[in-house]
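Residue-level listing of the chains:
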Amino acid sequence: MNDKAIITEVNEGILKIELNRPKAANALSINMLKELQEVFELAKYDQSIRCIVITGSGEKVFCAGADLKERAEMDAIQVKKTVSLIRETVNELETLPQPVIAAINGAAFGGGLELALACDLRIASQTAKLGLTETSLGIIPGAGGTQRLPQLIGKGKSKELIFTARKIAAEEALQIGLVEYVEEPENLEGKALELANQIVQNAPIAITQAKKAINEGYHLDLTTGLSIEKAAYELTIPTRDRLEGLKAFKEKRRPHYIGE
Ligand code: COO
């Protein structure tokens, strides 16, 4: 029996992270958050990891958000500290150099959806429900939901979902652009790994710089965004991978990228 709140597995350049609190709906306890931060700290310096897939244990829940049982025992200062811990953990996920794919295997509510919003891609099981439910609990999304959701689906629909705390089905999430794919439950992990395997074939420095340029330039004016893209592109020029790409093209073979 694994009593770790996070289970990790690395296979062929892909790190799989599983939120492992099935008896507590994979809720974000303080312990789970600290374990997540440890995993992210190791992953960001591990060049053998080229893509990350994050999912929940079991079939019903991806992540039920903040641990409300822990929360009920906290005073105001402890709540502030814990929400900051969730926000910091989610922010660390978003700034990982590798692409992160959320395989949403079930309910993603509150901080659980905020975690998925900080990922680069989201695939939802057909059975998944998604919602920023915080206003139904007398609070607001505190781990980036008020910022990342509008960036993804627009202000109007974001206000509707946050004000109503509505839990939406995977198909609606796909229609509004909250997720990129919806899969049958039995195909969810396969689709996530299919995407991850496509990503790990490409040059890791280029992938990291493309992620950085998109994330940093997205909400800036075009001129500033283009200067960010220019700086990111120029970091790929001196790489051995760039020369390998040209060589592979000439030799009509698949490139072998080493991340240098
Ligand atoms: C959840 C759910 C919809 C799951 O519902 P189920 O009907 O499948 O299962 P239960 O509701 O019985 O939950 C299972 C289990 O997990 C139960 O424990 P026991 O009573 O000991 O059997 C629940 O108490 C526990 N559980 C579920 N969610 C949580 C939890 N423990 C601690 N914390 C949480 N969050 O029932 C559901 O709706 N959960 C609340 C989702 C939600 O609104 N989250 C937002 C919290 S605020 C926030 O995230 C803020 C971030 C900054 C998932």
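Our subject is the structure listed above.
What follows deals with the overall build of the protein chain. When its secondary structure is counted, the protein chain shows 11 helices and 10 strands. Since a compact globule built from 260 residues should have a radius of gyration of about 18 Å, the 19 Å found for the protein chain is in line with a globular shape. Taken along the three principal axes of its C-alpha coordinates, the protein chain extends 60 × 50 × 35 Å. Scored against the burial criterion, the 260 residues of the protein chain give a buried share of 47%. For the protein chain, the share of sequence-separated contacts (at least 6 apart) that also reach a separation of at least 24 residues comes to 67%. Summed over its atoms, the accessible surface of the protein chain is roughly 13,800 Å², and 56% of this surface lies on carbon and sulfur atoms. Charged side chains in the protein chain number 32 positive and 36 negative. The centres of these two groups are separated by 3 Å.

A separate point is the site of the ligand. Taken together, 21 residues are adjacent to the ligand, and A64, A66, K69, G111 and T133 come closest. With respect to the ligand, the side chain of K60 contributes an N or O atom lying 2.9 Å from an oxygen atom. T133 has a polar side-chain atom sitting 2.7 Å from an oxygen atom of the ligand. Taking 970 Å² as the accessible area of the ligand by itself, protein coverage stands at 66%. Only α2 (68-72) and α4 (111-117) provide two or more residues apiece to the shell around the ligand. Grouping the amino acids of the shell around the ligand by side-chain chemistry returns 9 nonpolar, 5 polar and 7 charged.

Rules used throughout
Each chain carries its own residue numbering, running from 1 in the written order of its sequence. It should be noted that, the model being predicted, local features are given only for residues of pLDDT at least 70 and side-chain atom pairs only at 80 or more, the latter also being counted only at that level, while totals for whole chains, interfaces and linings use all residues. Each side-chain value is derived from all of the structure's non-hydrogen atoms; neither hydrogens nor water enter the calculation. A run of DSSP states H or I qualifies as a helix once it reaches four residues; a run of E qualifies as a strand once it reaches two. Both are numbered from the N-terminal end. Within these notes, the globule rule equals 2.2 Å times the number of residues to the 0.38 power, and the radius of gyration is based on C-alpha atoms. When accessible area is computed with a 1.4 Å probe and restricted to protein chains, residues below 20% of their type maximum are described as buried, those above 50% as exposed, and intermediate ones as partly exposed. Should any heavy atoms of two residues lie within 4.5 Å, those residues are counted as being in contact. To be clear on the numbers: accessible area is Shrake-Rupley with a 1.4 Å probe, and residue cover counts the displayed protein chains and nothing else. Neither His nor the chain termini are counted; the positive set is Lys and Arg, and the negative set is Asp and Glu. We put the charge of a Lys on NZ, of an Arg on CZ, of an Asp on CG and of a Glu on CD. Near, as used in this document, describes a residue that has one of its heavy atoms within 4 Å of the molecule or strand being considered. Here a polar contact is recorded for every N or O atom pair within 3.5 Å, except that within protein the pair must consist of a potential hydrogen donor and a potential acceptor, and residues adjacent in sequence are included only if both atoms are side-chain atoms. Gly falls in the polar group here, along with every residue not listed as nonpolar (Ala, Val, Leu, Ile, Met, Phe, Trp, Tyr, Cys, Pro) or charged (Asp, Glu, Lys, Arg).

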